[in-house]
Amino acid sequence: MAETPETPQKPKDRCKVCKKPFISYPMGEKAGFKLIACKACGSVMVDPWITQEELDAYFGQVQPQITHLPEPDEQIETMSQRIRRVTRDAAGKSFVDVAARQGYGVKAAQAEGMKAIGLDPHDFFAKFAQEVYGPDFFKHASLQDYAASDPPKADLIFAIETFCEQSDLEGFTAGLSRLLAPGGSIYIEEADGNNFNLPRNFTDWSYVEPPLNFVYLSKKGLVALLGRHGLKIQKMFFTWKPLMRLIAVKQ
């Protein structure tokens, strides 16, 4: 009797981003980290995946000394322009920046007349913003923990270059959805890990800096991730750069 070929086995793992069966292909190595991409959505990530415990240990050793970016007033004005992209009627509304860093988003929101608060999971960023702009407007907290504390809902949330740093993509996105007020908006800027303008060799892309960032979502992957938590893309801004700029709302 002739042997019958074995039926190919479907992968047991699922993509961290799109949650489809995970068939990966290599994308090179950088800083000692192997990078792989999901065949289903095109998102790229480190392999093995980085845990929060590993990130805490890394940043506990590094403890960066934070300083202002060049021309902080221009940085604040840039953030104000982003706010005006989303809403022309910001005054009196509530604002949360979930990766506040040096605090420019919060300062911009205040300049636009908003009630603003900034979160940062890194104590060195939170301390810098508190010392420069005031302790009442910044918290050292993850989005997940802050959202779980049942704070006031936010009319506008900034999530700028922060998905790429999340060991818990589901918890982070659930936190965005929970924090967003009815009729509110999330402004997202995120590196596009499947952009047509990326270098031929993925690891030549200067943005790739594991473990400072370690997952590079495609648009397809981001749509799937947001959708699992009741969010959808309302508007996408065109850019030649491998960068997604978009507004997300509740479905």
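Computed from a predicted model, the values in this text were never measured in an experiment. (Residues numbered from 1 in each chain as written. Predicted model: local features only at pLDDT ≥ 70, side-chain atom pairs only at ≥ 80, totals over all residues. Heavy atoms only, no water.)

Caption draft 1: Molecular detail of the packing of aromatic side chains. Considering all chains together, one arrives at 14 aromatic pairs under this definition. Their ring planes at 80 degrees and their centres at 6.4 Å tell us that tyrosine 207 and tyrosine 216 sit as a pair that is edge-to-face. On the basis of relative accessibility, which here comes to 1%, the residue tyrosine 216 falls in the buried class. Grouping aromatic residues by their ring pairs yields a cluster made of Tyr58, Phe59, Phe124 and Phe125. (Phe/Tyr/Trp six-rings, centres within 6.5 Å; stacked < 30°, edge-to-face > 60°. Buried < 20%, exposed > 50% of the residue type's maximum accessible area, 1.4 Å probe, protein only.)

Caption draft 2: The sheet that holds strand 2 (residues 33-38), seen in detail. One open sheet holds the 4 strands; their spatial order is 1-2-3-9, and the pairing between them is antiparallel. With one partner strand each, in any of the chains shown, strand 1 (24-30) and strand 9 (215-216) form the two edges of the open sheet. Here 6 bridges tie strand 1 to strand 2, and the two strands are oriented antiparallel to one another. Residue pairing in the sheet places serine 24 in a bridge with cysteine 38 of strand 2. (Pairing = 2+ DSSP bridges. Helix = DSSP H or I, 4+ residues; strand = E, 2+ residues; numbered from the N terminus.)

Caption draft 3: Representation of the confidence of the model for the protein chain in the model. Of all residues in the protein chain, 95% have pLDDT values of 70 or greater, and the mean over the chain is 94. Of the regions scoring below 50 in pLDDT, residues 1-10 engages in 0 contacts with residues more than four places distant in sequence or in other chains. (pLDDT = per-residue confidence, 0-100. Contact = heavy atoms within 4.5 Å.)

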